2 protein chains.
Amino acid sequence: MELDSDLRADLVSTAHEVADAASKVTLKHFRKVALTAENKSENDFDPVTEADRAAEAAMREVIHRRRPTDGILGEEFAAAKGQSGLTWVLDPIDGTRGYISGTPTWGTLIAVGPAGGPVLGVIDQPFTGERFIGGLGRAEMIRSNLSQPLVTRPARALSQSILFSTFPEVGEPHERAAFDRLGKQVLLTRFGMDCYAYALLAMGQIDLVVEAGLNSYDIQGPMAVVEAAGGIVTNWTGGPAHQGGQVIAAANRDIHAEAVVALSWKA
Amino acid sequence: MELDSDLRADLVSTAHEVADAASKVTLKHFRKVALTAENKSENDFDPVTEADRAAEAAMREVIHRRRPTDGILGEEFAAAKGQSGLTWVLDPIDGTRGYISGTPTWGTLIAVGPAGGPVLGVIDQPFTGERFIGGLGRAEMIRSNLSQPLVTRPARALSQSILFSTFPEVGEPHERAAFDRLGKQVLLTRFGMDCYAYALLAMGQIDLVVEAGLNSYDIQGPMAVVEAAGGIVTNWTGGPAHQGGQVIAAANRDIHAEAVVALSWKA
C-alpha cells in the first residue's frame, strides 16, 4: 500500500489528536477514588473502568471526524469496517490493573495500517508526559514539547540482558515454563510495567519484552514504535505478531534469535 | 525525645534540601547509556551505580553542613555516629534494578529520627516529579509546587484488596510460600514498583505492600510516609519494622490484621 506524503502527515497528526483526546479522559479519572472496576470474564480479573470506555469513545470521535473512511478496531466497542484500506487499532488504557493501582505504567495504544500490520504506532503515558511514536519515518519520544530519538540497544550477550514481562504467570503453564527457561539465562527479569516495557525497549533501556495471550490492540502500537526504533517484534517462533498471541519484542536481531531458541518448547 | 518547633522545621527543610541534592545526581545519570553496574554480592545481582554513590555523597554533604551533630546511616558509605540523638537514614537510589532499566519506580529514601524509629520520611521520585513526605505533622505529595494530602484507604475485604511486592521471589522459599498464600486471598497482586509501591499505599491507591529481606534504609523513609498517611508498618508478626527484615505496610488496621494472619507460617 502506497502512502503519499499528505496522507502520512495526516495519519501522524490524527494519531497525536487521538492520543490527546484519550489523555484528557484518562488523566481525569487516574487515581480518583470513585473509579470502579468490573470483571470482564469470570475466571480472570480484568478491570474495565469507566475511564476506559469514555477514553475510547473520545478517540473514536476524532477518527470518525478526521478519517471517516478508515476502519476502527478497539478494545471496548464493536469493530467498525472502513473503506480506505486503513484500520486504527486502539487500546484506550493498556494496563488497566496498573491504572486502578495508580502506577504510571499503563498507556494509551494507537496503531494504524493495512491488514498486514501497523505503519504507525503510539504509546502515550500522559501522567509522566511521555509520548512514544514510531513509523512513517519517525521514532521519537516527545515530552514537554521536546523530542528525543528512539534507538534500541546494540547486541549484548543474553546473560547480560534485561527481560520484562507484565505478570510472572506470563500465559498458560507451558508458556510460563518456557519464559522461566529464558528468565534463567538473562541478567535481570522484571515485571509490572504493562506497555511501558515496550517504551523502555524502544528507548534502549532494556533488551527483551516477552508476553503471551495478547490481543492485536495490545501489541500493534508497541510493535510499530519498537520496530521504528530498530527492534524486532515477532511471535515466539519468529512469525508475525500483529494479531497478538505470544510476543517477543527484541532490541536487535541477535538477542531476538537467542530468545526464540530459549523459548522453543521442549518436552 | 522532645522536638521543638524550630527543630521540626529545620528537619523538614533539611530533608527537602537532601532530596534536591540527590535528584540532581540521579536525574543526570538516569537513562544514560554510560551507566555501569557492578555486582555487590556474588550470588545476587545487585547493581550499584556511580549515580548511587555520587547521590549519597551529595546527600551527606547537605547533612554535614546543616546538621553537623546528627548521625548518618546510608547504603553506600560507612555509618557516621552523631551526638544529637538523631540519625539520618539514607538510600540514594532504592530500586537500582528499576533505575538501570529506565523505569520510574525507583526513589530516593530519606528518614530521620532517634534510635526508636523515624519521625520524618521522604520518598522522592524526581523523574515523575513526585515527592512524598510524612511525619512531624505532615503527610503530603508535592508535584510542580502543588501539595496534595496523603491519606491511606479505608478498610475493605482482603478479597477486594491490592497487594504489591518488588519481586515474585519475595525472600527465602518459606517467605515466598507465605506471600503466595496471601496473594491467593487478594484481588490483585502486582510486582516491580520498588519503593514507589509505598507511595501508592500512602496515596490511597493500594492496600498492602509485603516484602522480606529489607535493610533499615529500605524501609524507614517509606514507613514514616505511610504511617503519617494513616497506614501501619510492622514486621510480619506485628512487631517493629524500622530495622528492616520482613515488612507489612498496610492501609489500615483491619487489612493489617488480616495480612498478619495470612502470612503466619504453618508447617
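Conventions we followed
- Residues numbered from 1 in each chain as written.
- Chains lettered and ligands numbered in written order.
- Predicted model: local features only at pLDDT ≥ 70, side-chain atom pairs only at ≥ 80, totals over all residues.
- Heavy atoms only, no water.
- Least-squares fit on C-alpha atoms with pLDDT ≥ 70 in both.
- Contact = heavy atoms within 4.5 Å.
- Buried < 20%, exposed > 50% of the residue type's maximum accessible area, 1.4 Å probe, protein only.
- Helix = DSSP H or I, 4+ residues; strand = E, 2+ residues; numbered from the N terminus.
- Arc of directions from axis to C-beta.
- Polar contact = N/O pair within 3.5 Å; in protein donor to acceptor, adjacent residues only side chain to side chain.
- Buried area = accessible area lost by both parts, 1.4 Å probe.
- Salt bridge = Lys/Arg side-chain N within 4 Å of Asp/Glu carboxyl O.
- Nonpolar A, V, L, I, M, F, W, Y, C, P; charged D, E, K, R; others polar.
- Axes fitted to C-alpha atoms, helices over the stretch in contact; angles between N-to-C directions.
- Parallel < 35°, antiparallel > 145°, perpendicular 65-115°, else oblique.
- Left-handed = near helix turned anticlockwise from the far one by under 90°.
- Phe/Tyr/Trp six-rings, centres within 6.5 Å; stacked < 30°, edge-to-face > 60°.
- Core = buried A, V, L, I, M, F, W, Y, C linked by side-chain atoms within 4.5 Å.
- Pairing = 2+ DSSP bridges.
- Domains from an automatic or database assignment.
- pLDDT = per-residue confidence, 0-100.

Brief notes about the relation of the copies chain A and chain B
- The two copies are related by a screw operation: chain A maps onto chain B through 180 degrees of rotation and 0.0 Å of translation along the axis, at an RMSD of 0.0 Å. Considering both components of the superposition, the chain copies are consistent with a two-fold axis.
- The fraction of interface residues of chain A whose copies in chain B are also interface residues reaches 100%, indicating that both copies meet through the same surface.

Structural notes on helix 7 (residues 253–263) of chain B
All names here are of chain B.
- Of all the positions in helix 7, only Ile-255, His-256, Ala-259, Val-260, Ala-262 and Leu-263 are classed as buried. The buried side chains of helix 7 occupy one side of the element, clustering within an arc of 165 degrees when seen end-on. Residues of helix 7 that are exposed and point more than 90 degrees away from the buried face comprise Arg-253 and Val-261.
- On its buried face, helix 7 is in contact with helix 4 (173–185), strand 12 (208–214), strand 13 (232–234) and strand 14 (245–250).
- One side-chain oxygen of the residue at the start of helix 7 lies 3.2 Å from the amide nitrogen of Asp-254, identifying that residue as Asn-252.

Some points on the interface of chain A and chain B
- Taken together, the contacts link 33 residues of chain A with 33 residues of chain B.
- For the pairing of chain A and chain B, the buried interface totals around 2,600 Å² over both sides, and the portion due to carbon and sulfur atoms is 60%.
- Together, Arg-31, Ser-101 and Arg-190 of chain A form the three largest contributors to the area buried by chain A at its contact with chain B, with a combined 23%.
- Between the two partners, chain A and chain B, sit four salt bridges.
- Summed over the shared surface of chain A and chain B, the number is twelve residue pairs in polar contact (both at pLDDT 80 or more).
- Every element with two or more residues in the side of chain A that touches chain B is listed here: helix 3 (96–101), strand 10 (162–165), strand 11 (188–191) and helix 5 (196–202) of chain A.
- With four residues, the top contributor of residues to the side of chain A that touches chain B is helix 3 of chain A.
- Its residues assigned to classes, the side of chain A that touches chain B shows 16 nonpolar, nine polar and eight charged.

As for the packing of helix 1 (residues 5–29) of chain B against helix 2 (residues 50–66) of chain B
All names here are of chain B.
- Helix 2 packs onto helix 1 with a crossing angle of 155 degrees between their chain directions and a minimal axis gap of 8 Å. Considering the angle they form, helix 1 stands roughly antiparallel to helix 2. Crossing handedness for the pair helix 1 and helix 2: right-handed. Where helix 1 abuts helix 2, its residues Asp-10, Ser-13, Thr-14, Glu-17, Val-18, Ala-21, Ala-22, Val-25, Thr-26 and His-29 lie against Ala-51, Ala-54, Ala-55, Ala-58, Met-59, Val-62, Ile-63, Arg-65 and Arg-66.
- In terms of residue class, the contact of helix 1 with helix 2 is built from eleven nonpolar, four polar and four charged.

What about the packing of aromatic side chains?
All names here are of chain A.
- For the structure on display, the rule yields twelve aromatic pairs over all chains.
- With a centroid separation of 5.5 Å and an interplanar angle of 35 degrees, the aromatic rings of Phe-30 and Tyr-99 are classed as tilted. Taken together, the residues span a long stretch of sequence, with Phe-30 in the loop between helix 1 (5–29) and strand 1 (37–39) and Tyr-99 in helix 3 at a distance of 69 residues. Here the two residues Phe-30 and Tyr-99 agree in accessibility, since each one is buried.

Brief notes about unusual backbone geometry
- Positive phi, close to 50 degrees, is recorded for Ser-144 of chain A, a residue that is not glycine.
- Overall, the relative accessible area of 62% leaves Ser-144 of chain A in the exposed class.
- The phi torsion at Leu-136 of chain B lies on the positive side, around 55 degrees, for a residue other than glycine.
- Here Leu-136 of chain B is to be found in the loop between strand 7 (130–135) and strand 8 (138–143).
- With a relative accessible area of 14%, Leu-136 of chain B lands in the buried category.

Thoughts on the nonpolar core
- Membership of the largest hydrophobic core comes to 78 residues, with the highest contact counts inside it found for Phe-132, Leu-150 and Tyr-198 of chain A together with Phe-132, Leu-150 and Tyr-198 of chain B.
- Tyr-198 of chain A has contacts with Ile-123, Val-209, Glu-211, Leu-214, Ile-219, Pro-222, Val-226, Val-247 and Ala-249 of chain A, leaving out every residue within four places of it along the chain.
- Of all hydrophobic cores here, the second largest spans 38 residues; its members include Phe-179, Leu-182, Ile-248 and Ala-259 of chain B.

Points about the sheet that holds strand 8 (residues 138–143) of chain A
All names here are of chain A.
- Within the open sheet, the seven strands sit side by side as 3-4-5-6-7-8-9. Their pairing is mixed. A single partner strand is all that each edge strand has here, and the edge strands are strand 3 (71–74) and strand 9 (146–149). Adjacent strand axes in the sheet meet at a mean angle of 15 degrees when their direction is disregarded.
- For strand 6 (residues 120–125) and strand 7 (residues 130–135), the ladder comprises six bridges, and the chain directions are antiparallel.

Some words on the domain arrangement of chain A
All names here are of chain A.
- What the domain assignment lists for chain A is domain 1 (5–149) and domain 2 (158–264).
- Taking the mean C-alpha position of each, domain 1 and domain 2 sit 21 Å from one another.
- The partner domain 2 presents 21 residues to the 33 residues of domain 1 that form the contact.
- Buried surface at the junction of domain 1 and domain 2, summed over both partners, amounts to about 1,900 Å²; 69% is from carbon and sulfur atoms.
- The tally of links from domain 1 across to domain 2 stands at zero salt bridges.
- Remark: the boundary between domain 1 and domain 2 carries six residue pairs in polar contact (both at pLDDT 80 or more).

A word on the confidence of the model for chain A
- Averaged over chain A, the pLDDT score is 92; the fraction of residues at 70 or greater is 93%.
- Predicted complex, confidence summary: ipTM 0.91, pTM 0.93.

So, the pattern of salt bridges
- Evaluated as defined, the whole model comprises 30 salt bridges over all chains.
- Among the salt bridges present, the one from Asp-10 of chain B reaches Arg-67 of chain B, with a minimum N-O distance of 3.0 Å. You can see Asp-10 of chain B sitting in helix 1 and its partner Arg-67 of chain B sitting in the loop between helix 2 and strand 3 (71–74), a full 57 residues away along the chain.
- A relative accessible area of 12% means that Arg-67 of chain B is categorised as buried.
- Residues joined by salt bridges that share partners form a network here, namely Asp-10, Glu-17, Glu-61, Arg-65, Arg-66, Arg-67 and Asp-70 of chain A.

Topic: the sheet that holds strand 12 of chain B
Residue and element names in this part refer to chain B.
- In spatial order, the strands read 11-10-12-14-13; together these five strands make up an open sheet with mixed pairing. Edge positions in the open sheet fall to strand 11 (188–191) and strand 13, since each of these has one partner strand only. Adjacent strand axes in the sheet meet at a mean angle of 15 degrees, parallel and antiparallel pairs treated alike.
- Pairing analysis gives three bridges linking strand 13 to strand 14, with the strands arranged antiparallel. Residue pairing in the sheet places Thr-234 in a bridge with Ile-248 of strand 14.
- Along the sheet face, helix 4 touches strand 10 (162–165), strand 11, strand 12 and strand 14 and points at about 160 degrees away from the line of strand 10.

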